Amino acid sequence: LSDKLSNAFKKLKNKGKLTESDVKEAMREVRLALLEADVNFKVAKNFTNKVTERAIGQDVMESLTPAQMVVKIVNEELTALMGGEEEKIKFASKPPTVIMMCGLQGSGKTTHTAKLAKMLKSQGRRPLLVACDIYRPAAIDQLKVVGAKAGAPVFEMGKKNPVKIAKEAIKHAKDYGNDVVILDTAGRLHIDEELMEELKNIKKEVNPDEILLVIDSMTGQDAVNVAKSFNDLLEITGVILTKLDGDTRGGAALSVKEVTGKPIKFCGTGEKLEDLEVFHPDRMASRILGMGDVLTLIEDVEAKLDEKKAEAVAKKMMENKMDFNDLLQQFEQIKKMGPIKGILGKIPGLGKQLENADIDDRQIDWCEAIIYSMTQAEREKPSLINASRKKRIAAGSGRKVEEVNRLLKQLEQMQKMMKQFTGKGKKGKRRAMMK
Ligand code: GDP
Ligand code: MG
C-alpha cells in the first residue's frame, strides 16, 4: 500500500464525535434531497430537526467522514420512520377477510384490486373482487377485464347501492368458498363529502379487516392531504403506494407514513398485474435520499468500506502471503452468497444461457476437503507438498491426485498474478486492490 493511502485511512479513524456544525452542514444537503423527493415541507423540517438532535455528539464510525456519518444516521432514521419492517395483510380469523380499497380517482384502485388478487391466489387464497364503483362509466367492465387476467371472479350488481353490493358480495363469498373479498370502491378527482359518506357507510356495514388507501406516488405533495382526510374519516389500516415505476423519488411514502402513522404495505411498480411488491422501508429510504449530492455521499461511504476490506486482502496478496488458509476463507465467502448458479443467473442475459450449464457447487466442497486434509504447515507452505504428501492428501479427502495438483496450480497462479500487480507502479497496485 502506498504511504499516502494508509495515511488517509489513519486520518479517517478516531474522528471523535459529531459536532453541531458537522451535522448542520450535512443536514442542509439532506433537507434539500427530501424536498426534491417531494417530501412535504413540514415533514422534512420535523424530520431533519429530530435527526439533528439525535446525531450531535454521536461517535463517528471509523473510516467515515462526519458528513457520511450523518447520512448514515439519516438513512437509518428514514427507514425506521417508514416502518422498519415489511407489513402484510391481516387476515380475519374467520373467513372471508374483507379488504376495502379506497382512494382518489385514477390512483390505481381497480388495477391494484386485481394485482392483490393475483398475489393472494399465488398464496393459495380464493379472492372475490367486488365492483362497488358504480359511477365511473365502464368501471365494472374494467374490473371484469383485470379480474379475468388475475383469474379471480368478479361480483357485480350493476348500479345498485354500493353498501348493498358489498353486503351481498360477502354473503356470496361465504356461499362459494371465497376466503378474501376485495371491494373496489369509487373515487373522485378530489375529496368530497358525498364520497366519504358512502365509504363510511360501507365501512360501518361490512366492518372490513383491512382498509387500504391507494395513493399515486406521482401526486407528490398532495398525497399528504389525501392521506390525512382519508385516515381521519375512515381510519385506514394501510397504504398502497402506486406508480413507483415513474420518475418520482417517492417522497410521498415518508409524508404519508408521518401524517397517518399507518404502514405502507405494498407498492405498485407498473401497469401489469405482476407489478406489485411488498413495501421495503429500507429500499424506499435509499430511493428518497438516493440522488444528487446525497447519493454521492452514500456511495463514498460504501466505497470506503469496500476499500477497507480490500485493503486487508491486498496487503496479504502483495506481501505474497496468500496460502491455502486464505483460499479456504474465500470459499466460505462464496458459499455464503448461495448457489453459484443462482448468483450468475441473476446477471441479466446470463440466466437463460446457464439453464443447462453444468455448474457444480460441490466443486467448492471438494476443494475444501482437499485443503482440510492438509496439515497446517502444508497449508501455509504449499511447496512442502511432494508426491507422497499429495497421495496422502488425496486419500484423506477422497479426491484424486490430479485434483490436488489442480488446486496447487490454482494457488500458484493466483500468487503469480499478485506478483505481476505488485511489480507495477502505484496505480497498478491500487487497481489491483479495488478488484
Ligand atoms: P382507479 O381509478 O383508482 O381505479 O385507478 P385505475 O386502477 O383505473 O388506474 C388508473 C391508471 O393508472 C390506469 O391507466 C392504470 O393502468 C394505471 N396504473 C395503476 N397502477 C399503476 C402503476 O403502479 N404503475 C403505472 N405505471 N401505472 C399504473
Ligand atoms: Mg377504478
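See the structure shown above.
None of these values were measured; they are calculated from a predicted model.

1. A few points about the overall build of the protein chain
Thought 1: In terms of helices and strands, the protein chain carries 20 helices and 8 strands.
Thought 2: Expressed as a percentage of its 435 residues, the buried residues of the protein chain come to 44%.
Thought 3: If you take every contact in the protein chain between residues at least 6 apart in sequence, the share linking residues at least 24 apart comes to 76%.
Thought 4: Approximately 23,200 Å² of the protein chain is accessible, and the part contributed by carbon and sulfur atoms is 51%.

2. Some words on the pattern of salt bridges
Thought 1: This model, assessed by the stated rule, comprises 15 salt bridges.
Thought 2: Two residues, Lys17 and Asp59, come together in a salt bridge whose shortest N-O distance is 2.6 Å. Of the two residues, Lys17 is situated in the loop between helix 1 (3–12) and helix 2 (20–36) and Asp59 in the loop between helix 3 (41–55) and helix 4 (66–81); the sequence distance between them amounts to 42 residues.
Thought 3: The partner of Glu210 in a salt bridge is Lys265, with the nearest N and O atoms 2.7 Å apart. A residue pair is termed long-range when its members are at least 10 positions apart, and Glu210 in strand 5 (residues 210–216) and Lys265 in strand 7 (residues 264–268) qualify at 55 residues. Each member of the pair, Glu210 as well as Lys265, carries the same accessibility label: buried.
Thought 4: One network of salt bridges, with partners in common, ties together Glu378, Arg389 and Arg392.

3. Section: the sheet that holds strand 3 (residues 154–155)
Thought 1: Taken in spatial order, the 8 strands make up an open sheet running 3-2-4-1-5-6-7-8, and their pairing is mixed. Pairing within the sheet leaves two strands with one partner each, and these edge strands are strand 3 and strand 8 (276–278).
Thought 2: In this sheet, strand 8 lies alongside strand 7 in antiparallel orientation, the contact comprising 3 bridges. Among the inter-strand pairings, Cys267 is bridged to a residue of strand 8, identified as Glu277.
Thought 3: Seen against the sheet, helix 9 (residues 222–234) touches strand 1 (97–102) and strand 5 and runs at an angle of roughly 165° to strand 5.

4. Description of unusual backbone geometry
Thought 1: Residue Pro96 follows Pro95 across a cis peptide bond; omega there is 5°.
Thought 2: Tracing the backbone through its elements, the reader meets Pro96 in the loop between helix 4 and strand 1.
Thought 3: Phi is positive for Asp38, close to 75°, though the residue is something other than glycine.
Thought 4: Of the residues examined, Asp38 reaches a relative accessible area of 30% and is grouped as partly exposed.
Thought 5: For Glu235, which is not a glycine, the phi torsion comes out positive at approximately 50°.
Thought 6: The residue Glu235 is located in the loop between helix 9 and strand 6 (238–242) in this model.
Thought 7: According to the relative accessible area criterion, Glu235 is exposed, its value standing at 56%.

5. Some points on the site of ligand 1
Thought 1: Taken together, the neighbourhood of ligand 1 is formed by 18 residues, with Gly106, Lys109, Thr111, Arg136 and Asp245 sitting nearest.
Thought 2: Take Gly268: an N or O atom from its main chain is 3.5 Å from an oxygen atom of ligand 1.
Thought 3: Between ligand 1 and Gly270 there is a distance of 3.2 Å, counted from an oxygen atom to a backbone nitrogen or oxygen.
Thought 4: For ligand 1, the protein covers 82% of the area, taking 580 Å² as the surface of the free molecule.
Thought 5: At 5 residues, helix 5 (residues 109–122) tops the list of elements feeding residues into the shell around ligand 1.
Thought 6: Here the shell around ligand 1 is composed, by residue class, of 1 nonpolar, 11 polar and 6 charged.

6. Section: the pairing of strand 6
Thought 1: Counting buried positions over the 5 residues of strand 6 gives 5, a clear majority of the element.
Thought 2: Note: strand 5 against strand 6, 5 bridges, orientation parallel. Pairing of Leu212 across the sheet is with Gly238, part of strand 6.
Thought 3: Where the polypeptide runs from strand 5 across helix 9 and back to strand 6, its parallel neighbour, the crossover connection is right-handed.
Thought 4: Inspection of the sheet shows strand 6 paired to strand 7 by 3 bridges, in the parallel sense.

7. With respect to helix 4
Thought 1: If you check helix 4, its first and last C-alpha atoms are 22 Å apart, about what 16 residues at 1.5 Å a residue would give, namely 22 Å.
Thought 2: Within helix 4 the residues assigned to the buried category are Pro66, Gln68, Met69, Val70, Val71, Ile73, Val74, Leu78, Thr79 and Leu81.
Thought 3: One or two steps after helix 4, the chain reaches Gly83, where phi turns positive at roughly 120°.

8. Notes on the side chain of Glu378
Thought 1: Tracing the backbone through its elements, the reader meets Glu378 in helix 17 (residues 376–380).
Thought 2: Taking the relative accessible area as the measure of exposure, Glu378 reaches 0% and is therefore buried.
Thought 3: Here Thr375 takes part through its backbone nitrogen, which lies 2.8 Å from a polar atom of the side chain of Glu378.
Thought 4: A polar contact of 2.9 Å, which involves the side chain of Glu378, links it to the side chain of Arg389.

9. Some thoughts on the nonpolar core
Thought 1: Leu34, Leu183, Phe230, Leu254 and Ile288 are the most contacted members of the largest nonpolar core, which totals 67 residues.
Thought 2: Judged by nonpolar contacts, the second largest core, of 23 residues, contains Ala131, Ala150, Leu212 and Val214.

10. Some thoughts on helix 18 (residues 387–397)
Thought 1: Listed as buried for helix 18 are Ile393, Ala394 and Ser397. Taken around the axis of helix 18, the buried residues stretch over an arc of 100°, which confines them to a single face. Residues of helix 18 that are exposed and point over 90 degrees away from its buried face: Ser388, Lys391, Ala395 and Gly396.
Thought 2: Positive backbone phi, at 75°, marks Gly398, one or two positions downstream of helix 18.

What counts, and at which threshold
Note that residues are indexed from 1 along each chain, following the sequence as it is written. In the order they appear in the text, chains get letters beginning with A and ligands get numbers beginning with 1. The predicted origin of the model limits local features to residues at a pLDDT of at least 70 and limits the giving and counting of side-chain atom pairs to 80 or more, whereas totals for whole chains, interfaces and linings rest on all residues. Hydrogens and water are ignored here; the side-chain numbers use all heavy atoms of the structure. Helix numbers and strand numbers start at the N terminus; a helix is a DSSP run of H or I with at least 4 residues, a strand a run of E with at least 2. Exposure categories follow from relative accessible area, calculated using a 1.4 Å probe and restricted to protein chains: below 20% of the type maximum is buried, above 50% is exposed, and the middle band is partly exposed. Note on contacts: a residue pair qualifies if any of its non-hydrogen atoms lie within 4.5 Å across the two residues. Per-residue accessibility takes into account occlusion by the displayed protein chains alone, with areas from the Shrake-Rupley method and a 1.4 Å probe. Definition used for salt bridges: Asp or Glu carboxyl oxygen within 4 Å of a side-chain nitrogen of Lys or Arg. Two strands are counted as paired when DSSP detects at least two bridges linking them. Angles run from 0 to 180 degrees between N-to-C directions of axes, and those axes are lines fitted to C-alpha atoms, restricted for helices to the stretch in contact. A molecule or strand has a residue near it when one of that residue's heavy atoms lies within 4 Å. Here a polar contact is taken to be a pair of N or O atoms separated by no more than 3.5 Å, where protein atoms must pair a possible hydrogen donor with a possible acceptor and residues adjacent in sequence count only if both atoms sit in side chains. For this classification, the nonpolar set comprises Ala, Val, Leu, Ile, Met, Phe, Trp, Tyr, Cys and Pro, the charged set comprises Asp, Glu, Lys and Arg, and every other residue, Gly included, is treated as polar. For a crossover, the right-handed case is the one in which the path from the first strand over the helix to the second runs clockwise, viewed with the strands pointing away from the viewer. A helix is expected to span 1.5 Å multiplied by its residue count minus one. Residues belong to a common nonpolar core when they are buried Ala, Val, Leu, Ile, Met, Phe, Trp, Tyr or Cys residues joined through side-chain atoms within 4.5 Å. Directions are taken from the helix axis to each C-beta atom, and the arc is the one they span.

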